[in-house]
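Next come the chains, spelled out residue by residue.
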Amino acid sequence: MPARLILLSGLLLASPVYASDPLSMPDLPGWSGYIGAGAVYYDVGSNFITGNRFVDLNNEQSQGLDRAPQSDSVTSPDILLDLRYTFEGLKTQLFVGNLVQDMVRLDLTHQIGIRHSLDDWGILSAGYVISALPTEVWEDPFLDEGSRKRTDRDSQGVRLGWSAIAGSTLGLSYTYRRIDVDNDRAGEELRINGELTMEEQTQLRRDGDHHRFEFNALWKLSDNQSLIPALLFTQRSIDGPANEGQSKGMQLTYLYEGANYSAAVTGYYSDRDYDADNPVFDEPPDADEYGLGANLFWHKPMGLNQWDIRLGLLYFESDARVEFYDSDLFGASLTLLYRFR
């Protein structure tokens, strides 16, 4: 659950307006991209996520296994980075920085990789994905008496992509991540109290593999307006059978690009399914998930060339069959960005 909340909020806060053009390579060799800094505010309700080394959510005390989580507010620095170097010939590019679709401060995920143009066949990319600053989760999220303890949740993997397929505006990507929770004691207190067996507790383990596929397209409505529809599928192959399952979603982004202002609005829906009953609740915590995000860019504020100001807003909600698994998030960010080109 924490991974899902983080990923979706990143999808909605980040904006394709500012991402490197996935359908082409730069016109000139050398450095390109951007760096930025600012602040982000979240109001988060979750029984699983607790923050990172920058911020802490004040939700150590559970509201009970039969109740939805209490919301808590938090602020965090917002540091954005996307550096790219294009070689002579304009066919190969190295890049490092925040993943555009995971750009959210509770999970500082970075990617180091390479893009290569195959001319009319499109652009291939490959990258190594790592959490630069691990997310913190609860050792035992089901502890409902006393304060829960934090532990790190690390992830690393690879991302492969193919954009501008055969000269079209279609794109595909595949991301593999290995997830490791340092001290995973989910269900331990319930087992000690005799409410779970040892076998049932092992079903709650959170270590495992995530496989995510995305298919997207770019539709030009006019010279400065576009639609980007996307289909998303995630397979969770987890050590604990109660956490295995799939997520099937769709996303639609509207882009407006003007001389002084640009904007992006993204809507998201997903159906999150589990393969087995959760032994704590005797049913799977399947969920419907919704999200809406908007970004506004002010280009060259007060006449400052190569500088932009970004305002981001988002709302995300996961409505689960089990209230304990409900989650919601409201976010707002203000960031000053410098473009190298």
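Above this text is the structure in question.
None of the values given here were measured: they were computed from a predicted structure. (Residues numbered from 1 in each chain as written. Predicted model: local features only at pLDDT ≥ 70, side-chain atom pairs only at ≥ 80, totals over all residues. Heavy atoms only, no water.)

**Focus: unusual backbone geometry**
If you check the backbone angles, Asp282 has positive phi at about 60 degrees while not being a glycine. Relative to the helices and strands, Asp282 resides in the loop between strand 14 (261–274) and strand 15 (287–299). Unlike most non-glycine residues, Lys300 shows phi in positive territory, near 50 degrees. Judged by relative accessible area, which is 45%, Lys300 ranks as partly exposed. (Helix = DSSP H or I, 4+ residues; strand = E, 2+ residues; numbered from the N terminus. Buried < 20%, exposed > 50% of the residue type's maximum accessible area, 1.4 Å probe, protein only.)

**Concerning the environment of Asn224**
Tracing the backbone through its elements, the reader meets Asn224 in the loop between strand 11 (219–222) and strand 12 (225–238). Judged by relative accessible area, Asn224 falls into the partly exposed class, the value being 25%. Taking the C-alpha atoms as reference, Asn224 lies 6.6 Å from Gly258; in sequence the two are 34 residues apart. Other than its neighbours up to four places away in sequence, Asn224 contacts Leu255, Tyr256 and Glu257. Polar contacts involving the side chain of Asn224 include one to the side chain of Ser222, which spans 3.1 Å. (Contact = heavy atoms within 4.5 Å. Polar contact = N/O pair within 3.5 Å; in protein donor to acceptor, adjacent residues only side chain to side chain.)

**Quick notes on the nonpolar core**
Core analysis: the largest hydrophobic core is formed by 16 residues, its most contacted members being Leu65, Phe142, Leu204, Val280, Phe281, Phe324 and Tyr325. Setting aside chain neighbours within four positions, we find Val280 in contact with Leu65, Phe142, Leu190, Leu196 and Leu204. (Core = buried A, V, L, I, M, F, W, Y, C linked by side-chain atoms within 4.5 Å.)

**Let's talk about the pattern of salt bridges**
For the structure shown, the criterion picks out 16 salt bridges. For Lys91, the salt bridge identified is with Asp119, shortest N-O distance 2.3 Å. With Lys91 in the loop between strand 3 (71–86) and strand 4 (92–98) and Asp119 in the loop between strand 5 (108–117) and strand 6 (123–133), this pair connects stretches of sequence that are 28 residues apart. For Arg150, the salt bridge is made with Glu136, and the minimal N-O distance between the two is 3.7 Å. Placement of the pair is Arg150 in strand 8 (residues 150–163) and Glu136 in strand 7 (residues 135–138), with a sequence separation of 14 residues. (Salt bridge = Lys/Arg side-chain N within 4 Å of Asp/Glu carboxyl O.)

**Re the environment of Gly331**
Positionally, Gly331 belongs in strand 17 (residues 327–339). As for Gly331 and Gly293, which are separated by 38 residues in sequence, their C-alpha atoms are 9.0 Å apart.

**Quick notes on the pairing of strand 3**
The sheet contact formed by strand 1 (residues 30–45) and strand 3 spans 16 bridges and is antiparallel. Counterpart to Ser32 in the pairing with strand 3 is Arg84. Pairing of strand 3 with strand 4 involves five bridges; the strand directions are antiparallel. Within strand 4, the position partnered with Leu83 by the bridge is Val96. Hairpin connection from strand 3 to strand 4: five residues lie between these consecutive antiparallel strands, with Gly89 at a positive phi of about 100 degrees. (Pairing = 2+ DSSP bridges.)

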